[in-house]
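# Per-entry structural report
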Amino acid sequence: MKKIELEVVALSHSITQTHSYAVVLGEVNGLRRLPIVIGGFEAQAIAVALEKMNPSRPLTHDLMKNFMTAFSIDLHEIIISDLQEGIFFSKLVCSSDHDTIEIDSRTSDAIALAVRFGCPIYTYEHILGNAGIVMDEKNQAPVDESAEVIGAAVTGSADDDLKNMSVEELNKLLNEVLESEDYMRAIAIRDELNSRKRQ
């Protein structure tokens, strides 16, 4: 089967499932998007890698990458290989000096590792055809899209609270959330600070 390359285009709250997120994968050189519902921990793991943040202690996916690197195991690609009853199945394609193997993985974990290794993400036509969303030519999502794309993992009043804080208060809060390892909130605070610098 021909593989279709995808890239991470957004991380968002899931409208369909409370307290869940969606990672939105986009077809490279195409208009289709593949939203995948993931948990909060996995969303944070992907966000930390996308934002190139350096946690004070390695997260689980950082540990996995360090372990693989220490034993000369390379992650070449991940393949979102199946979709059954709304659940995505993935494989890690890894190699060492002696062998290349495919390892079953949860899709959220596979994406978190792919972002860390900088390796490509692939799927197959039947999966993108069944679960994908077609964007229009202006790259606009249809109104009934299942994931609401937002710039940060805080919404509504929490986002308004950041806008009402001084730069000094934001910097203090940023240090506090980094100490408590709340990286999703840290990204939102950092984005607010950056938007003020641009003004």
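Keep in mind that what you see is a predicted model, and the values were worked out from it rather than measured. (Residues numbered from 1 in each chain as written. Predicted model: local features only at pLDDT ≥ 70, side-chain atom pairs only at ≥ 80, totals over all residues. Heavy atoms only, no water.)

## Describing the state of the cysteines
The term disulfide refers to a covalent linkage connecting the sulfur atoms of a pair of cysteines. All told, the structure shown has 0 disulfides when counted by the stated rule. With no disulfide partner, Cys-94 has as its closest neighbouring cysteine sulfur the one in Cys-119, 8.5 Å distant. (Disulfide = S-S within 2.5 Å.)

## Observations regarding unusual backbone geometry
Its identity is not glycine, yet Asn-29 carries a phi of approximately 60°, on the positive side. Residue placement: Asn-29 occurs in the loop between β2 (21-27) and β3 (32-38). Its identity as a non-glycine residue notwithstanding, Ser-72 has a phi of 55°, on the positive side. Among the structural elements, Ser-72 can be located in the loop between α2 (60-70) and β4 (74-84). (Helix = DSSP H or I, 4+ residues; strand = E, 2+ residues; numbered from the N terminus.)

## Some details on the pattern of salt bridges
Tallied over the entire structure, the rule returns 7 salt bridges. Arg-32 is the partner of Glu-27 in a salt bridge, and the nearest nitrogen-oxygen pair spans 3.0 Å. Judged by its relative accessible area of 15%, Glu-27 is buried. Exposure remark for Arg-32: the relative accessible area of 18% places this residue in the buried category. A salt bridge links Asp-62 to Arg-116; its shortest N-O distance comes to 2.6 Å. Of the two residues, Asp-62 sits in helix α2 while Arg-116 sits in helix α3 (residues 107-117), which places them 54 residues apart along the sequence. Each of Glu-27, Arg-32 and Glu-125 takes part in a single network of salt bridges with overlapping partners. (Salt bridge = Lys/Arg side-chain N within 4 Å of Asp/Glu carboxyl O. Buried < 20%, exposed > 50% of the residue type's maximum accessible area, 1.4 Å probe, protein only.)

## Side note on the environment of Phe-41
By secondary structure assignment, the location of Phe-41 is in helix α1 (residues 40-50). Note on Phe-41: relative accessible area 41%, which makes it partly exposed. Residues Phe-41 and Tyr-21, spaced 20 residues apart in sequence, show a C-alpha to C-alpha distance of 9.5 Å.

## Let's talk about the environment of Val-8
Locating Val-8 in the fold gives a position in strand β1 (residues 3-14). Residue Val-8 is classed as partly exposed on the basis of its relative accessible area of 22%. Here Val-8 is in contact with Val-23, Val-24, Leu-25, Leu-50, Ile-111, Val-115 and Ile-121, once residues within four sequence places are set aside. (Contact = heavy atoms within 4.5 Å.)

## Digging into the nonpolar core
With 34 residues, the main nonpolar core has Leu-25, Ile-36, Leu-75 and Ile-78 as its most contacted residues. The element that contributes the greatest number of residues to this core is α3, accounting for 6 residues. With residues up to four places along the chain from it excluded, the contact list for Leu-25 reads Leu-6, Glu-7, Val-8, Val-9, Arg-32, Arg-33, Leu-34, Ile-36, Ile-80, Ile-111 and Ile-121. Counting 12 residues, the second largest nonpolar core, distinct from the first, contains Val-48, Met-53, Leu-174 and Ala-188. (Core = buried A, V, L, I, M, F, W, Y, C linked by side-chain atoms within 4.5 Å.)

## Quick word on the side chain of Thr-123
With respect to the element layout, Thr-123 can be found in strand β7 (residues 121-124). Of the polar contacts made by the side chain of Thr-123, one reaches the backbone oxygen of Ile-80; its length is 2.9 Å. (Polar contact = N/O pair within 3.5 Å; in protein donor to acceptor, adjacent residues only side chain to side chain.)

## Description of α2
Three or more residues of α2 are buried, namely His-61, Asp-62 and Met-68. Along the axis of α2, the buried positions cluster into a sector of 125°, meaning they face one direction only. Residues of α2 that are exposed and point more than 90 degrees away from the buried face comprise Leu-63 and Ala-70. Buried residues in α2 make contact with α1, β4, β5 (87-95) and α3. A positive phi of about 55° marks Ser-72, the residue just after α2. (Arc of directions from axis to C-beta.)

Keep in mind these values describe shape, not function.
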